[in-house]
Amino acid sequence: MTDLVDFAASVARAAGDLLLRIRERGDLAGRALGDRGDAEANALILAMISERYPDDAILSEESRDDLARLDCRRLWIIDPLDGTREYREGRNDWAVHIGLAIDGAAAVGAVALPAESLIFASSSDLPRPDPKKSRNIVVSRTRPPAIATTIADALGATIIAMGSAGAKAMAVVRGDADIYLHEGGQHEWDNCAPVAVAQAAGLHCSTLTGAPLAYNQREPTTPTLLICRAELASEVLALIDRDGSPE
Ligand SMILES: Nc1ncnc2c1ncn2[C@@H]1O[C@H](COP(=O)(O)O)[C@@H](OP(=O)(O)O)[C@H]1O
Ligand SMILES: [Mg+2]
């Protein structure tokens, strides 16, 4: 497994460096910048994975979905640029996701936060921050879930809006936040690598009903997402249940 984790991290690093170079060139802006970053990072990632692991299937946000993946035990699930909006805006909260699902579970992952020169991988040397007295909940900048307010009120927590599923999940891994909540749907590439890293860091990962997250599904979507400190999971899930299930 170490080889796979190191490889995922090296791919995330290479794609992140490329995305930084494209943005720093300064010749593109807005949608054109996002499109160029998506396309070039995707091409680099696909080339690196297919050269090293030619028998593995790949699911990418930026490539046609080949359903032959359903017959493969191993599926690389990649988002070359998660938080495209934030990348285009010159912000730091965007990420590269390199995940590997094995038998439908998020087994290996690397998440790069290139604008912060950080890479997180599903290895054992992840930060294990101590719980703080004050609580933070990270949510989407553009699609904050209504349930976050109920949970923030109950826990006395502060809601922080941030772009990118990877950046939010890594905020919990780093200890900057305690809970990441999402509803309204995502695709498997938005959360496979972040969940692999979060699980390796000992965090709770599930849907908002507490159901396990599944990967390499025919329809590669995730209804809702909860990533939080393990000791908060039952309280948060009970609050969501009491409020009325979002699914
Ligand atoms: N309701 C929804 N349906 C599909 N994808 C969603 C979604 N809400 C968020 N996402 C995706 O999840 C990622 C993180 O979103 P957010 O920053 O709002 O939390 C984004 O990925 P991309 O930037 O790769 O498109 C976004 O497109
Ligand atoms: Mg994404």
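Residues numbered from 1 in each chain as written. Chains lettered and ligands numbered in written order. Predicted model: local features only at pLDDT ≥ 70, side-chain atom pairs only at ≥ 80, totals over all residues.

Under an unreviewed UniProt entry, the name given to the protein chain is 3'(2'),5-bisphosphonucleoside 3'(2')-phosphohydrolase, and the source organism is Flavisphingopyxis soli. In the Catalytic activity (unreviewed entry) part of its UniProt record, the protein chain is described as follows: "adenosine 3',5'-bisphosphate + H2O = AMP + phosphate". (UniProt positions renumbered as here; feature names shortened; annotations may be inferred.)

1. Considering the UniProt feature "binding site: Mg(2+)" (unreviewed entry) in the protein chain
Here the UniProt feature "binding site: Mg(2+)" (unreviewed entry) sits at Glu61, Asp79, Leu81, Asp82 and Asp190. The greatest C-alpha distance among the annotated residues, which extend across 130 residues, is 9.5 Å, indicating that they converge on a single site. When you line up the elements, Glu61 lands in the loop between strand E1 (57-60) and strand E2 (74-82). Filtering out sequence-adjacent residues up to four positions away, Glu61 remains in contact with Asp79, Pro80, His187 and Trp189. Within the fold, Asp79 resides in strand E2. In this structure Asp79 touches Glu61, His97, Trp189 and Asp190, once residues within four positions along its chain are discounted. (Helix = DSSP H or I, 4+ residues; strand = E, 2+ residues; numbered from the N terminus. Contact = placed C-beta atoms within 7 Å.)

2. Points about the nonpolar core
In terms of nonpolar packing, the biggest core is built from 76 residues, with Ala8, Ala12, Ala110, Val172 and Val197 touching the most fellow members. Broken down by element, the residue count for this core peaks at nine residues, all from helix H1 (residues 2-25). Counting the residues that make up this core, at least three belong to each of domain 1 (2-121) and domain 2 (136-243). Setting aside residues up to four positions removed in sequence, Val172 forms contacts with Ala177, Asp178, Ile179, Tyr180, Ala198, Leu203, Ile227 and Cys228. (Core = buried A, V, L, I, M, F, W, Y, C linked by C-beta atoms within 7 Å. Buried ≥ 20, exposed ≤ 12 C-beta atoms within 10 Å, placed from the backbone. Domains from an automatic or database assignment.)

3. Some words on the packing of helix H5 (residues 165-174) against helix H6 (residues 188-200)
Orientation of H5 relative to H6, taken along the N-to-C sense of each, is 10°, at an axis distance of 9 Å. The angle between the axes of H5 and H6 places the two elements in the roughly parallel class. Residues Ala165, Gly166, Ala169, Val172 and Val173 of H5 form the contact with H6, whose own contacting residues are Asp190, Asn191, Ala193, Pro194, Val197 and Ala198. Looking at the contact of H5 with H6 residue by residue, the classes come out as eight nonpolar, two polar and one charged. (Axes fitted to C-alpha atoms, helices over the stretch in contact; angles between N-to-C directions. Parallel < 35°, antiparallel > 145°, perpendicular 65-115°, else oblique. Nonpolar A, V, L, I, M, F, W, Y, C, P; charged D, E, K, R; others polar.)

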